[in-house]
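Architecture at a glance
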Amino acid sequence: DVPNRTGKRKGVIVSATGNETMYLISVSGAVSTGTAAIAGVVNTLVVKNTVRAQIRSREVDTAGAETTTGEHTVQSGGEVTVSAEDDSSILDIAGGLAASAGSVGVGATLVVLVFDKDVSASIGSYGTVTATGDVTVSAKTDDGLYLFAITFGASSSVGVAGGVNVALFENSVTAVLGGTVSAVNVSVTSDSDILFVNMAAGVAGGSSVGVAAVFVVSYLYNLTQSYIASGANITAWNNPISSDVLG
């Protein structure tokens, strides 16, 4: 939701939003009355997503070194809001089904998901922001990742089913406030909500041999941080600490 669309607001609003919905569904099947039936599926998805909302006066290169000089000045007769938000939903389903009246039935699946997300909202250190309302810096993510794989292999002699699920997810959510800021209230917040499901199943049947093997690999790294940058000068005229909070 873009912050300025829910109602009338006055001030300076910088907003970046992203919304991704992805579905990958692959199923293969093989049936044989002869010697063998073999079915396999490979699903691969690689996503790199960056969402940034910023007030800043200096550019930086890929190594983080400043390439320009200058200072920003923002004066608002209302609020100053910098917000970044991204919602992602990924569903990845794979199935390999093989059945043979002969000697061998083999079903195999390979599912790979690599997802790298960086969501940030910031007001840079080199400049001044003055508002008669509030100054808010916020970053938020909401992610649902679902991986499901099933393999089935059956024959009158040997049935083999194998599945490999690999899911790698790195998520960074950052809200930063720097520089000289004067406002009624000052808020710097970050929030991440993740639902991560990685499931696989293998079924094999044979009158002589039935072999089923499933490997599931999951890696999740999540960094959610909000902070006021070193050297910042922040003035909030409406003191947010009350006697009720302290008491």
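Note that the structure is a prediction, hence the values are computed from the model and not measured.

1. A short note on the overall build of the protein
Helix and strand counts for the protein stand at one helix and twelve strands. The order of helices and strands in the protein, counted from the N terminus, is β-β-β-β-β-β-β-β-β-β-β-β-α. Computed over the C-alpha atoms, the radius of gyration of the protein is 26 Å, more than 25% above the 18 Å expected from 2.2 N^0.38 for a compact globule of 247 residues. Taken over the C-alpha atoms alone, the protein extends approximately 80 × 50 × 30 Å along its principal axes. Expressed as a percentage of contacts within the protein between residues at least 6 apart in sequence, the contacts between residues at least 24 apart total 82%. A total of about 12,600 Å² of accessible surface is found on the protein, and carbon and sulfur atoms cover 54% of it. For the protein, the centre of its 10 positive side-chain charges and the centre of its 20 negative side-chain charges are spaced 8 Å apart.

2. Quick look at the side chain of asparagine 49
You can see asparagine 49 is positioned in strand β2 (residues 36–55). Residue class for asparagine 49 comes out buried when judged on its relative accessible area of 14%. Within the structure, the side chain of asparagine 49 is placed 3.0 Å from the side chain of aspartate 86, a separation counted as a polar contact.

3. Topic: the environment of alanine 36
Relative to the elements of secondary structure, alanine 36 occurs in strand β2. Counting along the chain gives 69 residues from alanine 36 to glycine 105, while the straight-line C-alpha distance between them is 5.7 Å. Discounting residues that sit within four places of it in the chain, alanine 36 has contacts with Ser100 and Val104.

4. Structural notes on the pairing of strand β9 (residues 180–183)
Bridge count between strand β6 (residues 127–131) and β9: three bridges; the pairing is parallel. Paired with threonine 130 across the strands is serine 182, a residue of β9.

5. Considering the sheet that holds strand β8 (residues 158–177)
Taken in spatial order, the four strands make up an open sheet running β2-β5-β8-β11, and their pairing is parallel. In this open sheet, the two edge strands, each paired with only one partner strand, are β2 and β11 (209–228). Strand-to-strand twist across the sheet, computed as the mean angle between neighbouring axes with direction ignored, equals 0°. Looking at chain direction, strand β5 (residues 104–123) and β8 are connected through 20 bridges and run parallel. Looking across to β8, one finds that lysine 117 is bridged to asparagine 171.

What counts, and where the lines are drawn
Residues numbered from 1 in each chain as written. Predicted model: local features only at pLDDT ≥ 70, side-chain atom pairs only at ≥ 80, totals over all residues. Heavy atoms only, no water. Helix = DSSP H or I, 4+ residues; strand = E, 2+ residues; numbered from the N terminus. Rg over C-alpha atoms; globule rule 2.2 N^0.38 Å. Contact = heavy atoms within 4.5 Å. Areas by Shrake-Rupley, 256 points an atom, 1.4 Å probe, with all protein chains shown as cover. Lys, Arg positive; Asp, Glu negative; His and termini not counted. Charge placed at Lys NZ, Arg CZ, Asp CG, Glu CD. Buried < 20%, exposed > 50% of the residue type's maximum accessible area, 1.4 Å probe, protein only. Polar contact = N/O pair within 3.5 Å; in protein donor to acceptor, adjacent residues only side chain to side chain. Pairing = 2+ DSSP bridges. Axes fitted to C-alpha atoms, helices over the stretch in contact; angles between N-to-C directions.

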